[in-house]
Amino acid sequence: MRVFLQPRPLFIILSVLCFLAFWLSLALGPVSLPLVDTLRAAIRLTGIPIQGDNLEQAELIVGQIRLPRTLLGLAVGAVLALSGVAMQGLFRNPLADPGLVGVSSGAALGAALAIVGGSFFGGLPDAFEPYLLSLCAGIGGLAVAAMVYRLGRHNGQTSVATMLLAGIALTALASSTIGLFTYLADDATLRTLTFWNLGSLNGASYVRLWPLLLVCVVIICWLPRRAKALNALLLGESEARHLGVEVESLKRELIFCTALGVGAAVAAAGMIGFIGLIVPHLVRLLAGPDHRVLLPASALAGASLLLFADLFARLVLAPAELPIGIVTAFLGAPFFLYLLVRGRS
Amino acid sequence: MMRPHARLLLGLCAGLFFLPSAFAAQPSSADLPQRWVSAGGALTEWVVALGGESKLVGVDTTSLHPDSLKALPKIGYQRQLSAEGILSLRPNILVGTEEMGPPPVLSQLRTAGVQVEVLSAEPDLPTLKSNLQQLGKLLGSEDKASQLIASYDQQLDDQHRWVEQAQQHQSAPGVLLLVGNGGSKPMVAGVGTAGDWLIKQAGGRNLATHTGYKVFSVEAMAGLNPQVLVVADRELAGPAALQALPRCRPCSNRTRCWLRPRLAAKADCWIWTRPCWWVV
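The following refers to the structure shown.

### Some words on the overall build of chain A
Point 1. Of the regular secondary structure elements, chain A holds 14 helices and 2 strands.
Point 2. The C-alpha radius of gyration of chain A comes to 21 Å, within 12% of the 20 Å expected for a compact globule of 345 residues.
Point 3. Taken over the C-alpha atoms alone, chain A extends approximately 65 × 55 × 35 Å along its principal axes.
Point 4. Taking all 345 residues of chain A together, the buried fraction comes to 51%.
Point 5. Taking the contacts inside chain A whose residues are at least 6 apart along the sequence as the reference set, 77% of them involve residues at least 24 apart.
Point 6. Seen as two clouds, the 22 positive and the 17 negative side-chain charges of chain A have centres 12 Å apart.

This is the structure we're talking about:
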């Protein structure tokens, strides 16, 4: 495969892009703030007291609305892209995405249970209400992924092919259960369910952000350490084993990381498709299949793409906004097609 | 897709009774909220009916009537509001029902100093009255609100008298109320919906016993054997809505009373997507 970019320029470009996305995400929004005010508010948020008139409004918007949203976008984008790389490496299948081991559908099932069941049982105490959905989504994702992994195991060996099929079957089962909930849901919960499934970074708050950020940092630190093992796995399982890779524990780690990351991301932002599937391909087309480059580059690219998509989502229809799941595919797919055609010629 | 129908029907009842008397502007005092954002079609219509249209700076996508509202900035669907989008309109107050959300956005708005008024969306009369009074208070047009409530009560009383008279020599007919969308798979209004309330007020007996709005099979509908079908379609009006019914229900012409026009009463209304009502 031809490599368009050497690692160094690639990382420079992606870092600049990511920083640009971060800054624009803080600076732009339906409320137009002067750039100086955004800068001042950002500086004030880091704890340095500076004087300025009329900064309360800017500080509120930048600090309470845009910053949590931006951080959420960064974390979700990075985690989804990294999980995508991990899954494509593990299954050695270009169509693999983080949903393949059933995490996404499990999380969606958990969320549907929380949304429909929550109203059915008359709701929870207010203190738990904000966490119920995230918690159920997270647990649902992990549970289904664990089931897929268990089904794939036989005689101490994990069969990737069985896992793939089990993932497909459990995904189908989960979505038909969600369909049942949709049918049982009353009007209000039905709407909540629909919008949750479209995904959104809207309404991000620090309270819900911390668990995801923690998971995100762990995964960003952990997965790149497995880059060499993933490279070896590209040759095939037995080849990797002969090269000294502990294939079974690698599989376990990859699946656990993906389940944890995607579970947390879906719990915080709903279903956001496309990033996990396309970003790794995109980076591979740019920089080749070496996981030592692919993993960190995908994290940066995923985060940037999601932030740009979110900017688009919140600006294009302002003061209303589009669900981000629609935008990610809309922005990314043409670019991906372009790369695909160019790579072939 | 269902909740809007409930609102549609609630608004419809409201619109049918009120609109003729709802046009005078009200004096406003300076300390009341001056810049309004309203989320929820029925509430927005009330705000307009109470003379608050000039104060509206933004509405949600379900607020479509009266037509003049279409020129206002749209803040998106009421369940999927964006804090910053609303703040960019610099409102003093956001009114909506408990369907409004998501909750974190509402709390962000409160932090930013916007008064967030959450009213009830129950489709019943006491709720309607208390919502109206609350809106009247916030708009500084309490007299207007009381007046509207009184005329609403008056018209309901008239209606009740009419129904009582009619039922002396005729039992309440079995009714199904269908809410359709371009003639495809109409949903049947069940217990607790605004459609159910409407049927009762009109002196009918709702044959559906489920809660909420559900799609029925042809057989289930035929089994209930309704004497009257009320059809509300969001896209088709009048005869077109009628024609759409047998198309999507191939065997419906075999059932007893299906589509044999007994009385076709058309009531144009001002709510949501301007549906037309045909009693068949």
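### Things to note about the packing of helix α1 (residues 7-27) of chain A against helix α3 (residues 55-91) of chain A
All names here are of chain A.
Point 1. Relative to each other, α1 and α3 sit at 150 degrees, their axes nearing to 8 Å. Classified by the angle between their axes, α1 and α3 sit roughly antiparallel to one another. Where α1 crosses over α3, the two elements pack in a sense that is right-handed. Two secondary-structure elements touch here, α1 through Cys18, Phe22, Ser25, Leu26 and Ala27 and α3 through Val62, Arg66, Leu67, Thr70, Leu71 and Leu74.
Point 2. Considered class by class, the residues forming the contact of α1 with α3 number 8 nonpolar, 2 polar and 1 charged.

### A short note on the packing of aromatic side chains
Aromatic ring pairs are reported here in terms of the distance separating the ring centres and the angle at which the planes meet.
Point 1. Per the stated rule, a full pass over the model turns up 1 aromatic pair over all chains.
Point 2. An angle of 20 degrees between the planes, with centres 6.1 Å apart, marks the rings of Tyr206 of chain A and Trp210 of chain A as stacked. Of this pair, Tyr206 of chain A and Trp210 of chain A both sit in helix α8 (residues 206-222), 4 residues apart, roughly one helical turn.
Point 3. On the accessibility criterion, Tyr206 of chain A (21% relative accessible area) is partly exposed.
Point 4. In this structure, Lys214 of chain B packs its charged tip against the face of Tyr183 of chain A, placed 5.1 Å from the ring centre.

### Points about helix α7 (residues 187-198) of chain A
Point 1. Given a rise of 1.5 Å per residue, 12 residues ought to cover 16 Å, and the 17 Å separating the end C-alpha atoms of α7 of chain A matches this to within 8%.
Point 2. Looking one or two residues beyond α7 of chain A, the residue adopting positive phi is Gly199 of chain A, at roughly 75 degrees.

### A closer look at unusual backbone geometry
All names here are of chain A.
Point 1. Going from Ala318 to Pro319, the amide bond is cis rather than trans, its omega being 5 degrees.
Point 2. Even without a glycine there, the phi angle at Arg92 is positive, about 45 degrees.
Point 3. Examined against the element boundaries, Arg92 turns out to sit in the loop between α3 and α4 (103-120).
Point 4. Taking the relative accessible area as the measure of exposure, Arg92 reaches 37% and is therefore partly exposed.
Point 5. Despite not being glycine, Asn155 shows a phi value in the positive range, around 50 degrees.
Point 6. On the secondary structure map, Asn155 appears in the loop between β1 (153-154) and β2 (157-158).
Point 7. The class for Asn155 is exposed, based on a relative accessible area of 68%.

### Regarding the sheet that holds strand β1 (residues 36-39) of chain B
Two modes of strand pairing occur in sheets, parallel and antiparallel, and in both the strands are linked by backbone hydrogen bonds.
Residue and element names in this part refer to chain B.
Point 1. If you walk across this open sheet you meet the 4 strands as β2-β1-β3-β4, and the pairing is parallel. Since the sheet does not close on itself, it has two edges, and those belong to β2 (56-59) and β4 (115-119), each with one partner. This sheet shows a mean twist of 20 degrees between the axes of neighbouring strands, independent of strand direction.
Point 2. Two strands pair when backbone bridges link them, and strand β3 (residues 93-97) and β4 are joined in this way by 5 bridges, in the parallel orientation. Among the inter-strand pairings, Leu94 is bridged to a residue of β4, identified as Val116.
Point 3. Contacts from helix α5 (residues 125-139) reach β1, β3 and β4 within the one sheet, and its direction differs from that of β4 by about 160 degrees.

### So, the side chain of Glu84 of chain B
Point 1. Its location among the elements puts Glu84 of chain B in helix α3 (residues 83-87).
Point 2. Setting aside chain neighbours within four positions, we find Glu84 of chain B in contact with Gly29, Pro30, Val31, Ile61, Ile65, Arg66 and Arg314 of chain A.

### Looking at the side chain of Lys214 of chain B
Point 1. By the element assignment, Lys214 of chain B lies in strand β8 (residues 213-215).
Point 2. Under the relative-accessibility criterion, Lys214 of chain B is labelled buried at 16%.
Point 3. Residues contacting Lys214 of chain B, with those up to four places away along its chain left out, are Tyr183 and Ala185 of chain A together with Met187 and Val188 of chain B.

Rules used in this analysis
- Chains are numbered independently. Their residues run from 1 in the order of the written sequence.
- The naming scheme follows written order: chains are lettered A onward, ligands numbered 1 onward.
- Confidence filtering applies because this is a predicted model: local features only for residues at pLDDT of at least 70, side-chain atom pairs given and counted only at 80 or more, and all residues used for totals across whole chains, interfaces and linings.
- The basis for every side-chain value is the complete set of heavy atoms in the structure, and neither hydrogens nor water enter the calculation.
- Only DSSP runs of H or I with at least four residues qualify as helices, and only runs of E with at least two residues qualify as strands; both kinds are numbered from the N terminus onward.
- A radius of gyration in this sense is built from C-alpha atoms; the matching globule rule multiplies 2.2 Å by the number of residues raised to 0.38.
- When accessible area is computed with a 1.4 Å probe and restricted to protein chains, residues below 20% of their type maximum are described as buried, those above 50% as exposed, and intermediate ones as partly exposed.
- Whether two residues touch is decided by their heavy atoms; if any such pair falls within 4.5 Å, the residues are in contact.
- Positive charges come from Lys and Arg, negative ones from Asp and Glu, while His and the chain ends are left out of the count.
- One atom stands in for each charge, and that atom is NZ of Lys, CZ of Arg, CG of Asp or CD of Glu.
- Angles run from 0 to 180 degrees between N-to-C directions of axes, and those axes are lines fitted to C-alpha atoms, restricted for helices to the stretch in contact.
- Oblique is the label for every angle not falling under 35 degrees (roughly parallel), over 145 degrees (roughly antiparallel), or within 65 to 115 degrees (roughly perpendicular).
- Handedness of a crossing is defined here by the sense of rotation of the near helix relative to the far one, left-handed for an anticlockwise turn of less than a right angle and right-handed for a clockwise turn.
- Any residue that is not Ala, Val, Leu, Ile, Met, Phe, Trp, Tyr, Cys, Pro, Asp, Glu, Lys or Arg is counted as polar, Gly included; the first ten are nonpolar and the last four charged.
- Stacked, edge-to-face and tilted are the three classes for Phe, Tyr and Trp ring pairs, Trp counted by its six-membered ring, which pair at centre distances within 6.5 Å; planes under 30 degrees apart are stacked, over 60 edge-to-face, the rest tilted.
- The criterion is that NZ of a Lys, or CZ of an Arg, lies within 6 Å of the ring centre and within 35 degrees of the ring normal, and then a charge sits over that ring.
- Expected helix span is given by 1.5 Å per residue-to-residue step, counting one fewer step than there are residues.
- Only when DSSP finds a minimum of two bridges between them are two strands counted as paired.

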